[in-house]
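Here are the chains, one letter per residue:
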Amino acid sequence: MSPSRIPDGEERGWIVPIGGAEDKENGAAILQRFLDLCGGDGADIVVIPTASRMPDTGDRYEKLFTDLGANRVEAMDFDTRRDCFEPNRIKRIEQASGIFFTGGNQLRISTMLGGTPIAQAIRAQNARGVAVGGTSAGASILSEHMIAYGTEGSSPRADSVRLAPGLGLTNRVVIDQHFRQRDRLGRLVAALAYNPFAIGIGLDEDTAAFISPDNTIEVEGSGSVTVVDADGLQFSSMHMVGEDEPVCLLGLGVHILTKGATFNLNTRKASAGSLAASKSA
């Protein structure tokens, strides 16, 4: 599934996966930057809390974005797939200048929204320039290949990860979240062993990868983004091993990015960005 076609004369909107547990009180830098991309004090944001089983999740993000200065914020939950076919809900998505998915269980989003007019509307909105972001489970759903679940640990095994279709706003990355806090390197690398085309993005908590319309990742937040690139993969034993056996992978590239560093998904080149300021500066 490729991203929706960008209309002539338009530019794709930003894609903003967040690693979860983003700061919500001390400046809320990640949420504030997302809000600014949505239009600042003119922003009209739809919050989708479908991943969460907590009844107040939508209300909480409504208040967060309103307090940060958004003009309009509305939580829109989906309890059944039938909800995803309602014309008034589709129209509301088409009015939004930003769309935000909360955390929870990403399979609740994919099984509820996948293949519906709501999913199509979100994809089309992003292709027309609307920013789409999400935290934790809401980050995982944004890519074409979604990590549905997996096991913790730094060594990849064939059974480390299970993949499912995501929204497909981008097909260039596989996203994992709570990365360092939950020791998820193994399952991200295993996902790349199944699909070496993609680039792995491991997001620490309170850390976001702001993916620009030209496919450059800009890091925001207090943690790091681990980029795993399988473009130079020389050997993989994935096809040889049993499910509970470790996988041999040779030629992986790894970058650790913090705020100020960048990674270009087109050229697969990392940059220290503003971190490389001259000593005289």
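These notes cover the structure that comes with them. (Residues numbered from 1 in each chain as written. Predicted model: local features only at pLDDT ≥ 70, side-chain atom pairs only at ≥ 80, totals over all residues. Heavy atoms only, no water.)

1. So, the sheet that holds strand 4 (residues 98–101)
Here comes step 1: Across the sheet, which stays open at both edges, the nine strands sit in the order 3-2-4-5-1-10-11-16-17 with mixed pairing between neighbours. A strand with exactly one partner marks an edge of an open sheet, and here the two such strands are strand 3 (72–75) and strand 17 (269–271). Direction aside, the axes of adjacent strands within the sheet are offset by 20 degrees on average.
Here comes step 2: When strand 16 (residues 262–264) meets strand 17, the two strands line up antiparallel, connected through three bridges. Its bridge partner being in strand 17, Asn264 is matched across the sheet by Lys269.
Here comes step 3: The strands touched by helix 3 (residues 87–95) are strand 2 (44–48), strand 3 and strand 4; relative to strand 2, the strand with the most contacts, the crossing angle is about 130 degrees.
Here comes step 4: Its contacts with the sheet place helix 5 (residues 117–127) against strand 1 (15–18), strand 2, strand 4 and strand 5 (131–135), and it is angled at close to 130 degrees to strand 4. (Pairing = 2+ DSSP bridges. Helix = DSSP H or I, 4+ residues; strand = E, 2+ residues; numbered from the N terminus. Axes fitted to C-alpha atoms, helices over the stretch in contact; angles between N-to-C directions. Contact = heavy atoms within 4.5 Å.)

2. Re the packing of aromatic side chains
Here comes step 1: Evaluation of the coordinates by the stated rule reveals five aromatic pairs.
Here comes step 2: Residues Phe34 and Phe65 carry aromatic rings whose centres are separated by 6.0 Å and whose planes lie at 50 degrees to one another, so their mutual orientation is tilted. Of this pair, Phe34 sits in helix 1 (residues 29–37) while Phe65 sits in helix 2 (residues 57–67), and the two are 31 residues apart along the sequence. Comparing Phe34 with Phe65, the two get one shared label, buried.
Here comes step 3: Pairing Tyr61 with Phe65 gives two aromatic rings, centres 6.4 Å apart and planes at 40 degrees, and the pair type is tilted. Pair noted here: Tyr61 and Phe65 are both in helix 2, with a separation of four residues, about one helical turn.
Here comes step 4: The buried category is assigned to Tyr61, whose relative accessible area is 4%.
Here comes step 5: Judged by its relative accessible area of 0%, Phe65 is buried.
Here comes step 6: Feature note: the residues Phe34, Tyr61, Phe65 and Phe100 constitute an aromatic cluster, connected by ring pairs. (Phe/Tyr/Trp six-rings, centres within 6.5 Å; stacked < 30°, edge-to-face > 60°. Buried < 20%, exposed > 50% of the residue type's maximum accessible area, 1.4 Å probe, protein only.)

3. So, the pairing of strand 3
Here comes step 1: Bridge count between strand 2 and strand 3: four bridges; the pairing is parallel. Among the inter-strand pairings, Val47 is bridged to a residue of strand 3, identified as Ala75.
Here comes step 2: With helix 2 bridging strand 2 and its parallel neighbour strand 3, the resulting β-α-β unit is right-handed. (Right-handed = clockwise from strand over helix to strand, strands pointing away.)

4. Notes on the nonpolar core
Here comes step 1: Core analysis: the largest hydrophobic core is formed by 45 residues, its most contacted members being Ile93, Ile99, Phe101, Leu113 and Ile122.
Here comes step 2: The element that contributes the greatest number of residues to this core is helix 5, accounting for four residues.
Here comes step 3: Setting aside residues no more than four positions away along its own chain, Phe101 makes contact with Ile48, Ile109, Leu113, Ile122, Val132, Gly133, Gly134, Thr135, Gly138, Ile141, Leu142 and Leu167.
Here comes step 4: Trp14, Leu31, Ala43 and Tyr61 belong to the second-largest nonpolar core, a separate cluster that totals 21 residues. (Core = buried A, V, L, I, M, F, W, Y, C linked by side-chain atoms within 4.5 Å.)

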